[in-house]
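# Geometric and topological summary
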Amino acid sequence: QKEVEQNSGPLSVPEGAIASLNCTYSDRGSQSFFWYRQYSGKSPELIMFIYSNGDKEDGRFTAQLNKASQYVSLLIRDSQPSDSATYLCASRTGGGNKLTFGTGTQLKVEL
Amino acid sequence: GAVVSQHPSWVICKSGTSVKIECRSLDFQATTMFWYRQFPKQSLMLMATSNEGSKATYEQGVEKDKFLINHASLTLSTLTVTSAHPEDSSFYICSAAAGVGSPLHFGNGTRLTVT
């Protein structure tokens, strides 16, 4: 059973719109959550991480965490074609650094 | 900060040979590093956890005798693919965190092609 679930997409949004990426997790012991962006043929790069319920904003990105509902989301405002990539959601349980990744959502920002 | 360097970025080898991939943490020490493999259009698959000074912890289904991991220092872990076969062709990526609870940062990955 997958512990971190994401819709594979592709999610298509027009340039300038808000892209909303969602992720659910099954392990209630998960304590922290991460969003990575991965361009085709490249390795993942960290976008944001969130530990507490609520919103966390960083530039055009906002991460949202709702532990009661076990979901995490990433909002990208003013989407640009350069945002087109696969976005990976990951959770961490316990005190170590091991992450469980979802399968990723492909985002396409169209001109 | 938290830069992870991986080398080589790509390698082509013949079937039956061995290939070593290096992963270095450049500006921090990492007692633990993680090795992932990714096939085209698929998600990351954790292969093993590399532990400095001790044996690596392999995920279920990963052959420890085929994928040799050595973590001899706090800044270097190596993955050796032994007796490589075409089905081992994949994108191998390492990652590390600057401290317990810190976000993982990834190396640039190594694209292995076995002919």
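Cut-offs applied
- Residues numbered from 1 in each chain as written.
- Chains lettered and ligands numbered in written order.
- Predicted model: local features only at pLDDT ≥ 70, side-chain atom pairs only at ≥ 80, totals over all residues.
- Heavy atoms only, no water.
- Helix = DSSP H or I, 4+ residues; strand = E, 2+ residues; numbered from the N terminus.
- Rg over C-alpha atoms; globule rule 2.2 N^0.38 Å.
- Buried < 20%, exposed > 50% of the residue type's maximum accessible area, 1.4 Å probe, protein only.
- Contact = heavy atoms within 4.5 Å.
- Areas by Shrake-Rupley, 256 points an atom, 1.4 Å probe, with all protein chains shown as cover.
- Lys, Arg positive; Asp, Glu negative; His and termini not counted.
- Charge placed at Lys NZ, Arg CZ, Asp CG, Glu CD.
- Buried area = accessible area lost by both parts, 1.4 Å probe.
- Salt bridge = Lys/Arg side-chain N within 4 Å of Asp/Glu carboxyl O.
- Polar contact = N/O pair within 3.5 Å; in protein donor to acceptor, adjacent residues only side chain to side chain.
- Nonpolar A, V, L, I, M, F, W, Y, C, P; charged D, E, K, R; others polar.

## Remarks on the overall build of chain A
Along its length, chain A carries 0 helices and 11 strands. When the helices and strands of chain A are read in sequence order from the N terminus, they spell out β-β-β-β-β-β-β-β-β-β-β. In terms of C-alpha radius of gyration, chain A reaches 13 Å, essentially the compact-globule figure of 13 Å for 111 residues. Of all 111 residues assigned to chain A, the portion counted as buried reaches 42%. Partitioning the intrachain contacts of chain A with sequence separation of at least 6 by distance along the chain shows that 54% fall at a separation of at least 24. Element-wise, carbon and sulfur atoms account for 46% of the exposed surface of chain A, whose accessible area totals about 5,300 Å². Across chain A, the mean location of the 11 positive side-chain charges is 7 Å away from that of the 11 negative side-chain charges.

## Topic: the side chain of Ser32 of chain A
For Ser32 of chain A, the position within the fold is in strand S4 (residues 30-38). Non-local contacts of Ser32 of chain A, meaning those with residues more than four positions away in its chain, are made with Ile50, Tyr51, Ala90, Ser91 and Arg92 of chain A.

## Description of the interface of chain A and chain B
Between chain A and chain B, the residue contacts involve 20 residues of the former and 22 residues of the latter. For the chain A face of the interface with chain B, the top three residues by lost area are Ser43, Asn97 and Lys98 of chain A, together amounting to 34%. A salt bridge links Glu59 of chain B to Lys98 of chain A; the nearest nitrogen and oxygen atoms lie 3.1 Å apart. For the pair chain A and chain B, the number of links is 7 residue pairs in polar contact (both at pLDDT 80 or more). Looking at the side of chain A that touches chain B, the elements with two or more residues in it are S4, strand S5 (45-50), strand S9 (85-93) and strand S10 (99-101) of chain A. Of the residues belonging to the side of chain A that touches chain B, the class tally is 9 nonpolar, 8 polar and 3 charged.

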